[in-house]
Every structure is written in structure tokens, then in C-alpha cells.
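# Chains, contacts and geometry: an overview
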Amino acid sequence: MELHHLRYFIVVAEELHFGKAALRLQMTQPPLSQQIKHLEREIGVTLLKRSKRTVTLTTAGTVFLKHIRQGLAQIDYAVEMAKQTERGESGELKIGFVGSATFEILPPLIRRYQKRFPSVKIGLQEISTANQVKGLLNGSIDIGILHPPIKNNDLILHTVKKDNCVLVVPKGHSLALKEPVHLKDLHSESMIFISKETWPYLYSKFNLLCKKAGFTPNIHHESTEYHMIISLVSAELGVSIVPSKKSLNFDVVYKEIENFSLDAEWVTAHKKDNQNPALLNFTEALHSYL
């Protein structure tokens, strides 16, 4: 059964006149009549009652018309959805992200992308950097927002944001008024730091810088989230090192550390051979955002 035969039948059923139907279809009447007869023979049902002056639908024809309209509408919808998916305007995009990306990176990026492609279903998963790399390679996520360094030639990376880390102390702390602050001033301080599992590079690099300054940091508490770290600092449980100045309403003071260079960096990563069309549009939105 051919789709164009079904569409011919719908037009004839709407016009109930072969001449007018042929005119709408931009064809001559005899071939149209033959196509309808072929359709009736194929399905084994009389759809139209014909006389010299009139054409009417049979009861079977009326039922057939109703369901064919619904069926063709579904087919048309399926075709359109397939085209949208191929253009990356529909479908699904699975995004992994580290918790620290929820502050300033993920919300504006998702908002920009969804405004342009509202029909794409976005799946969001908070995952560690190491597990994101695994997910990118096995296809469980399409793109990740994670922390470098990442050494894998199968992945394409783009830097999204880079911040120099600063000291955060409770209001009233002695270091809040000290100028300038040096890294060695932290040697006797109780510290709260991002966990090694959450951000291995930052954790290791900070410990290395402290070692070069002549001391081992006294890390009393670790957390997976920066808003929790700043909350604990405001509770006077210690001081911390955080990326830039987080705009959170806590009783804390942010201080630059003299001659201290510790960068916090976020990158996106996706697999080179990922063929999801929605991914291409997301990376274009990412470049626009950057």
C-alpha cells in the first residue's frame, strides 16, 4: 500500500468529486480513478459508491478515512521529528557536570541552549571528573563539564572558565584585617578544603604549594560542595581556599594571597566520534556563551 494512494483517497473523500479532486492533485481524472480502484482492490473493501452524478463514501470508507487521517498525521509527525532530530532540534542530550559548575557555568549555558532548542530533552547528572571521563567514553553521557587535567586523545576539550583561588575567612578573623596575607600565614590555621576525590588536581596542587612554603596544611574538614565550605567558614570552623569570590550571603571575608597562584579551571569534554546531532548544537551554543 503506497502513501500517495492514501493521500489521493483523502482528497477524493473530501471533494466527493473526481474532477475537483484531480484538479487539487494537479493530475487528470482517469489516472486518479484508477489509483482509487487499485487501493480498493488492494485492501479488499469498497470505499466509494459511484454513480454518473455523485460520489459518496461507503460506511467502510468513512471508517477508513478517519483512521487513515490519524495514521498519516502520525507518519507526518514521525517524519518531522526525524528531520528535527537530524538537525539537532529534537532528541536527547545527556550532560554530566561537577558540583562546582552549578554556580556560574551550568545555569546560563543550559538556559541559552534550551531557549534555542526547547524540544531537546536534557538529562543532567552530577558526576565526578573521573566518572565523567568513563561516561564519555562508554556513551552514557554526551558532554561533560569537569576539571582538568584530562589526558585522553579520544576527547575534545574546551576551557569554559578559569579562576584564581582566594582565601576565605570568617568576619573578625585576624587574617581578615592583615595586609598582605601570605600563604605561610595559614600554617597554624584549621582548614576546610574541597575533597581530594571531588577535585584531585586542586587538592594536590594546594598541598604542594604549602609544602614549598614550608608547612603541611592542617585540613580538618573536607567537602564536595563550595557552598558548604563557605558555610563552615562562616561558622568559624576554619578558613579555606576557594575559586574567586562566591556571591553567597555568609559572614565571610575574601582575601587575595600575596604571590599565590592556584587556578581553578572548568572544561567541557565530548568524545570525538559522538554523532548525536544535539551535541553539535550544544557545542555551538557553548562557543557563543564563551
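Here is a short report on the structure shown in this document. The numbering scheme is per chain: residues are counted from 1 as the chain's sequence reads. Local features in this predicted model are restricted to residues of pLDDT 70 or higher, and side-chain atom pairs are both shown and tallied only at a pLDDT of 80 or more, whereas totals for entire chains, interfaces and linings draw on every residue. Side-chain figures throughout are based on the complete set of non-hydrogen atoms in the structure, without hydrogens or water.

## What about the overall build of the protein chain?
Threshold: The way it works is that DSSP assigns letters per residue, a run of H or I at least four long becomes a helix, a run of E at least two long becomes a strand, and they are numbered from the N terminus. All radius of gyration figures rest on C-alpha atoms, and the globule criterion is 2.2 Å times the number of residues raised to 0.38. Throughout, exposure labels follow a simple rule: accessible area from a 1.4 Å probe, protein chains only, divided by the maximum for the residue type, with under 20% read as buried, over 50% as exposed, and the rest as partly exposed. Note on areas: these come from Shrake-Rupley sampling with a 1.4 Å probe, and a residue is covered only by the protein chains present in the view. Note on charges: Lys and Arg go in the positive column, Asp and Glu in the negative column, and His and the chain ends are not counted at all. For the purpose of locating charges, the reference atoms are NZ of Lys, CZ of Arg, CG of Asp and CD of Glu.
For the protein chain, the helix and strand inventory stands at ten helices and eleven strands. Compactness check: the protein chain gives a C-alpha radius of gyration of 33 Å against a globular reference of 19 Å for 290 residues, more than 25% above the reference. Here the protein chain holds 290 residues, and the buried ones make up 44% of them. Accessible surface, the protein chain: about 15700 Å² in total, of which carbon and sulfur atoms supply 51%. Where the 35 positive side-chain charges of the protein chain centre and where its 29 negative ones centre are 9 Å apart.

## With respect to the pairing of strand 8 (residues 218-223)
Filter applied, for reference: Two strands are counted as paired when DSSP detects at least two bridges linking them. Handedness of a crossover is defined as follows: orient the strands so they point away from the viewer, and if the path from the first strand over the helix to the second runs clockwise, the crossover is right-handed.
As paired strands, strand 7 (residues 190-194) and strand 8 are joined by five bridges and run parallel to one another. If you follow I192 over to strand 8, its bridge partner there is H221. Tracing the backbone out of strand 7, into helix 8 (residues 200-212) and back to the parallel element strand 8 gives a crossover that is right-handed.

## Concerning the nonpolar core
This is how it is decided: Remark: nonpolar core denotes a set of buried residues (Ala, Val, Leu, Ile, Met, Phe, Trp, Tyr, Cys) joined through side-chain atoms within 4.5 Å.
In this structure, L167, L183, L186, F206, I241 and F260 are the most contacted members of the largest nonpolar core, which totals 65 residues. Counting 20 residues, the second-largest nonpolar core is a separate cluster that includes F9, A13, L47 and V55.

## Side note on unusual backbone geometry
Here the bond from P148 into P149 is cis, since omega is 5°, no more than 30 degrees from zero. Mapped onto the elements, P149 comes out in the loop between strand 5 (143-146) and strand 6 (155-170). The peptide bond linking E179 to P180 adopts the cis configuration, its omega dihedral lying at -10°. For P180, the position within the fold is in the loop between helix 7 (174-177) and strand 7. The phi torsion at L16 lies on the positive side, around 50°, for a residue other than glycine. The topology assignment puts L16 in the loop between helix 1 (3-15) and helix 2 (18-24). With a phi angle near 65°, E236 is a residue other than glycine that sits in the positive phi range. Looking at the element boundaries, E236 is found in the loop between helix 9 (226-234) and strand 9 (239-243).

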